[in-house]
Amino acid sequence: MSPTPVTWSSPTAPISYSWEATDEEVSVRYGVPVDDIVRFDLNTSPAPPEVAARILAAGRFESPLSDYPPSDYRRLVDAAAARYGVAHDELLVGAGADEIIDLAGKAFLPPGSSAVIPTPTYAMYGVVTDQRAAQMIGVPRLGPSEGWALDVPAVRAAAREAALVWLCSPNNPTALAEPAGSIERLLDGLAADAATDGRRPPAVILDEAYAEFVGTSLASLRTGYPRLVIVRTASKAYALAGLRVGFAIAVPETIAEIAPYRPPGSVSTVSVTIVTEALLSPDILGTNLARVDRERERLAAGLRDAGWDVGPSVTNFLLVGLGSPERAAAVAEALLARGLVPRTFGAAHPLSDHLRVTVRDTAENDRLIAAARDIAKDLRS
């Protein structure tokens, strides 16, 4: 059993996301002071940008805290349109990428339909599919020797009768982007099959939560494949996960299919104000990306020296192989006992012999490297 999830659900209930244990729960279970706990499991940043503290201190927000935020999130949409290079009517705001994913499920997955999910990938795609009473069609990725890439012919074949295809690039948890041209080739194939069959092509949701770390986006493909929805977020590269702001990017006709499901005011006026300024800032993104680039290579080298099999990464996290599910579980327990929380994978998961760890700041990464070395010695003895 994974040591970090703390939720329980009935086998007859829809699948739900397994939330990570809180700092307090980790503290009680392992006897570690709360202040000593470091989250290597969340793919978040060690600190928010300075603009957040400045706006909170000033206390001036998009609307008074006694009121709802503007219904059109106008300034936030302006800032996002400028940052992503799209038109205002090609954007929809949500409470984080997860709400965008949920809205896409409501818009494109009627009960009894099916969705294709290349695996392993982000767990929420399966959760949303199941909660929509739709069938999950899992298609294994090609494996580590081929960069965990999509099996494009297999995904295309599986999508022949599907209503939706979930994609993620760079992919979580494998930490790599899809090879150049592969998603475009898949979209061309999906469109060709739909034309041959005389049906509407499936919606394709492309989660680009980690796109800033590679500096490229495939949003331009929306014009050639109008049922493509790009998901972006302020949680990862902008270091503002606690504010819960995400975006859907698509052609206006596709945005119009999603918009009826958007709840009113789900993004707070505080979040709207801070994320607007972050998107407009010329420096915030570059500063955090530079930290991740520098620390990712240093952390990977330190963990390799400790004997961990660290895979390549273009994101703010590393996927590490430990050789067996038993060893991965033992290492996870030893890390938790030291107040370092890794992302674990259940026994039935294709990555059950791996852990995923976030790239954090220098001091925190040094703690992880030192712990990995100590644990390696303990396991040898």
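Residues numbered from 1 in each chain as written. Predicted model: local features only at pLDDT ≥ 70, side-chain atom pairs only at ≥ 80, totals over all residues. Heavy atoms only, no water.

## Some points on the overall build of the chain
Part 1 of the argument: Across its full length, the chain holds 12 helices and 12 strands.
Part 2 of the argument: Referenced to the eigenvectors of the C-alpha coordinate spread, the extents of the chain come out at roughly 65 × 55 × 40 Å.
Part 3 of the argument: A burial count over the chain gives 54% of its 381 residues as buried.
Part 4 of the argument: In the chain, the share of contacts with a sequence separation of at least 24, taken over all contacts with a separation of at least 6, comes to 70%.
Part 5 of the argument: Of the roughly 16200 Å² that the chain leaves accessible, carbon and sulfur atoms contribute 55%. (Helix = DSSP H or I, 4+ residues; strand = E, 2+ residues; numbered from the N terminus. Buried < 20%, exposed > 50% of the residue type's maximum accessible area, 1.4 Å probe, protein only. Contact = heavy atoms within 4.5 Å. Areas by Shrake-Rupley, 256 points an atom, 1.4 Å probe, with all protein chains shown as cover.)

## Here we look at the pattern of salt bridges
Part 1 of the argument: Evaluation of the coordinates by the stated rule reveals 25 salt bridges.
Part 2 of the argument: Salt-bridge contacts for K106 lead to D102; the nearest nitrogen and oxygen are separated by 3.3 Å. Of this pair, K106 and D102 both sit in helix α4 (residues 96–108), separated by four residues, roughly a single helical turn.
Part 3 of the argument: Using a relative accessible area of 23% as the deciding quantity, one classes D102 as partly exposed.
Part 4 of the argument: Linking E208 and R232 is a salt bridge whose minimum nitrogen-to-oxygen distance equals 3.5 Å. Placement of the pair is E208 in the loop between β6 (203–207) and β7 (228–233) and R232 in strand β7, with a sequence separation of 24 residues. Each member of the pair, E208 together with R232, is buried. (Salt bridge = Lys/Arg side-chain N within 4 Å of Asp/Glu carboxyl O.)

## Considering the sheet that holds strand β10 (residues 317–321)
Part 1 of the argument: Ordered by their spatial adjacency, three strands build an open sheet running β9-β10-β12, and the pairing between neighbours is antiparallel. Two strands close off the open sheet at either side, each with one partner strand: β9 (309–310) and β12 (354–358).
Part 2 of the argument: Lying over the sheet, helix α10 (residues 284–305) contacts β9, β10 and β12, oriented at roughly 15 degrees with respect to β10. (Pairing = 2+ DSSP bridges. Axes fitted to C-alpha atoms, helices over the stretch in contact; angles between N-to-C directions.)

## Focus on unusual backbone geometry
Part 1 of the argument: Cis geometry marks the peptide bond from T119 to P120, where omega comes out at 0 degrees.
Part 2 of the argument: Along the polypeptide, P120 turns up in the loop between β3 (114–119) and α5 (124–131).
Part 3 of the argument: At W148, a residue that is not glycine, the phi angle is positive and equals roughly 55 degrees.
Part 4 of the argument: Relative to the helices and strands, W148 is located in the loop between β4 (135–140) and α6 (152–158).
Part 5 of the argument: Overall, the relative accessible area of 14% leaves W148 in the buried class.
Part 6 of the argument: Its identity as a non-glycine residue notwithstanding, R244 has a phi of 55 degrees, on the positive side.
Part 7 of the argument: With respect to the helices, strands and loops of the structure, R244 is situated in the loop between β7 and β8 (246–249).

## Regarding the environment of A175
Part 1 of the argument: Within the secondary structure layout, A175 lies in the loop between β5 (164–168) and α7 (182–197).
Part 2 of the argument: Classification of A175 as buried rests on a relative accessible area of 0%.
Part 3 of the argument: Along the chain, A175 and D207 lie 32 residues apart, while their C-alpha atoms are 13 Å from each other.
Part 4 of the argument: The contacts of A175, once residues within four sequence positions are left out, are P312, S313, V314, T315 and F317.

## Side note on the environment of A219
Part 1 of the argument: By the secondary structure assignment, A219 is in the loop between β6 and β7.
Part 2 of the argument: Residue class for A219 comes out buried when judged on its relative accessible area of 8%.
Part 3 of the argument: For the pair A219 and T174, spaced 45 residues apart in the sequence, the C-alpha separation amounts to 21 Å.
Part 4 of the argument: In contact with A219, not counting residues within four places along its chain, are E208, I230 and I249.

## Section: a positive patch on the surface
Part 1 of the argument: Taken together, the side chains of R327, R373, K377 and R380 define a basic patch exposed on the protein surface.
Part 2 of the argument: The biggest single contributor to the positive patch is helix α12 (residues 362–380), with three residues.
Part 3 of the argument: Tracing the backbone shows K377 in helix α12. (Patch = residues over 30% accessible without salt bridge, like charges linked within 9 Å, V, L, I, M, F, W, Y side chains within 5 Å. Lys, Arg positive; Asp, Glu negative; His and termini not counted. Charge placed at Lys NZ, Arg CZ, Asp CG, Glu CD.)

## Quick notes on the sheet that holds β4
Within a beta sheet, neighbouring strands are joined by backbone hydrogen bonds and run either parallel or antiparallel to one another.
Part 1 of the argument: Spatial strand order, β2-β8-β7-β6-β5-β3-β4: seven strands in an open sheet with mixed pairing. Lying at the two open borders of the sheet, with one neighbouring strand each, are β2 (91–94) and β4. Sheet twist, expressed as the average angle between the axes of neighbouring strands with direction ignored, equals 20 degrees.
Part 2 of the argument: Across four bridges, the pairing between β6 and β7 is parallel. Looking at β7, one finds that L206 is bridged to I230.

## A look at the packing of helix α11 (residues 325–337) against α12
A packed helix pair is summarised by two numbers, namely the angle formed by the two axes and the spacing between the axes.
Part 1 of the argument: Remark: α11 packs on α12, axes separated minimally by 10 Å, with the N-to-C direction vectors making an angle of 125 degrees. Here α12 runs oblique to α11, going by the angle between their axes. Both α11 and α12 take part in a crossing whose hand is right-handed. Here α11 contributes R327, A330, V331, A334 and L335 to the contact with α12, which in turn contributes L368, A371, I375 and L379.
Part 2 of the argument: In terms of residue class, the contact of α11 with α12 is built from eight nonpolar, no polar and one charged. (Parallel < 35°, antiparallel > 145°, perpendicular 65-115°, else oblique. Left-handed = near helix turned anticlockwise from the far one by under 90°. Nonpolar A, V, L, I, M, F, W, Y, C, P; charged D, E, K, R; others polar.)

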